[in-house]
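# Working through the structure, step by step
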Amino acid sequence: NAGVTQTPKFRILKIGQSMTLQCTQDMNHNYMYWYRQDPGMGLKLIYYSVGAGITDKGEVPNGYNVSRSTTEDFPLRLELAAPSQTSVYFCASSLGQSRDSNEQFFGPGTRLTVL
Amino acid sequence: RKEVEQDPGPFNVPEGATVAFNCTYSNSASQSFFWYRQDCRKEPKLLMSVYSSGNEDGRFTAQLNRASQYISLLIRDSKLSDSATYLCVVSSNDYKLSFGAGTTVTVRA
């Protein structure tokens, strides 16, 4: 049981390039999330999904896109990378909505630098 | 105003000491409360949930004060391994979490 896995671990992009951050969970969780964490700041929600085929914007969605074609996978797409997108990106998943099942499990993160 | 605010610290304490810190939240409709732990350059992990009556997990005690809208975490008999950033996390009626920026604790030998 690998939990939540993310690839790549590190990436350097040039301004204007695009890339996809991969996220996979093997816990059969319905809910998946993408966060970014800037130094000294709390995690900010980019996008989330409540199940396959359903996605919604979080607090900071601009410059990103997501898809959820399967329960397991929730890739995050960056189009036209900008220096402001330099951050650590965490993917997370949770089982459901009740208080006892909303613990979020995080992947190890992707450290992205845009130059 | 930030939804969840924390004293960033750092709190530097000797081994064996007790350290306590709070966080405040702005949404009075918040229903669920948590402390997550984040080690340097690692992902956050759930430390404990916080219940209305307060709860304890070994050396860790969490308290919730709904009237004043704050949550506290107390660590007794600090260990070197307790050095980390502690994230205060709050949730409203749904499954989305709001994270504080974290309180850094450093335990020295």
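As the structure is a prediction and not an experimental result, all values here were calculated from the model. (Residues numbered from 1 in each chain as written. Chains lettered and ligands numbered in written order. Predicted model: local features only at pLDDT ≥ 70, side-chain atom pairs only at ≥ 80, totals over all residues. Heavy atoms only, no water.)

### A word on the sheet that holds strand β1 (residues 4–7) of chain A
Residues and elements named next belong to chain A. Spatially, four strands are ordered β1-β3-β8-β7 in an open sheet, and the strand pairing comes out antiparallel. Of all the strands in the sheet, the pair left with one neighbour each is β1 and β7 (64–66). When the angles between neighbouring strand axes are averaged without regard to direction, this sheet yields 20°. Across three bridges, β7 lies against strand β8 (residues 76–78) in antiparallel orientation. (Pairing = 2+ DSSP bridges. Helix = DSSP H or I, 4+ residues; strand = E, 2+ residues; numbered from the N terminus. Axes fitted to C-alpha atoms, helices over the stretch in contact; angles between N-to-C directions.)

### Thoughts on unusual backbone geometry
With an omega dihedral of -5°, the bond running from Thr7(A) to Pro8(A) counts as a cis peptide bond. The omega angle of the peptide bond from Gly9(B) to Pro10(B) is 10°, so this bond is cis rather than trans. Tracing the chain through its elements places Pro10(B) in the loop between β1 (4–6) and β2 (11–14). Positive phi, normally seen in glycine, also occurs at Arg41(B), with a value near 65°. Structurally, the position occupied by Arg41(B) is in the loop between β4 (32–38) and β5 (44–50). Phi is positive for Asp77(B), close to 45°, though the residue is something other than glycine. Looking at where Asp77(B) falls in the secondary structure, it is placed in the loop between β8 (70–75) and β9 (84–91).

### Comments concerning the side chain of Ser78(B)
All names here are of chain B. Relative to the elements of secondary structure, Ser78 occurs in the loop between β8 and β9. Residue classification places Ser78 among the buried positions, given a relative accessible area of 2%. Beyond its immediate stretch of four places on either side in the chain, Ser78 contacts Val13, Pro14, Glu15, Gly16, Ala17, Val19, Arg59 and Val107. (Buried < 20%, exposed > 50% of the residue type's maximum accessible area, 1.4 Å probe, protein only. Contact = heavy atoms within 4.5 Å.)

### Structural notes on the layout of surface pockets
If you add up the space inside the largest pocket, you get close to 820 Å³. If you trace the largest pocket, you find 36 residues lining it, with Gln37(A), Asp38(A), Met41(A), Gly42(A) and Leu43(A) closest to the centre. Of all the elements in the fold, those that place two or more residues in the lining of the largest pocket are β4 (31–37), β5 (44–51) and β9 (87–94) of chain A together with β1 and β10 (97–99) of chain B. (1 Å grid on protein atoms, 1.4 Å probe; cavity = no way out; pocket = protein on both sides within 12 Å on 5 of 7 lines; lining within 4 Å. Points joined across faces, edges and corners; volume = space filled by probe spheres on them.)

### A look at the pattern of salt bridges
Residue and element names in this part refer to chain B. This structure, assessed with the given rule, holds seven salt bridges over all chains. Taking the shortest distance from any N to any O, the salt bridge between Arg37 and Asp39 comes out at 2.8 Å. The class of Asp39 is partly exposed, set by a relative accessible area of 31%. (Salt bridge = Lys/Arg side-chain N within 4 Å of Asp/Glu carboxyl O.)

### What to know about the pairing of β5(A)
Residues and elements named next belong to chain A. Within β5, six of the eight residues are buried, which leaves it mostly tucked inside the rest of the structure. Where β4 lies against β5, five bridges are found, and the strand directions are antiparallel. When the sheet's bridge partners are listed, Trp34 is paired in β5 with Tyr47. The antiparallel hairpin formed by β4 and β5 contains six residues in its connecting segment, where Gly40 sits at a positive phi of about 75°. Bridge count for β5 against strand β6 (residues 54–57) is three bridges, and the pairing is antiparallel. Note on β6: the bridge partner recorded for Tyr48 is Asp56. From the end of β5 to the start of β6, which pair antiparallel, there are two residues, and Gly53 there has a positive phi angle of about 85°.

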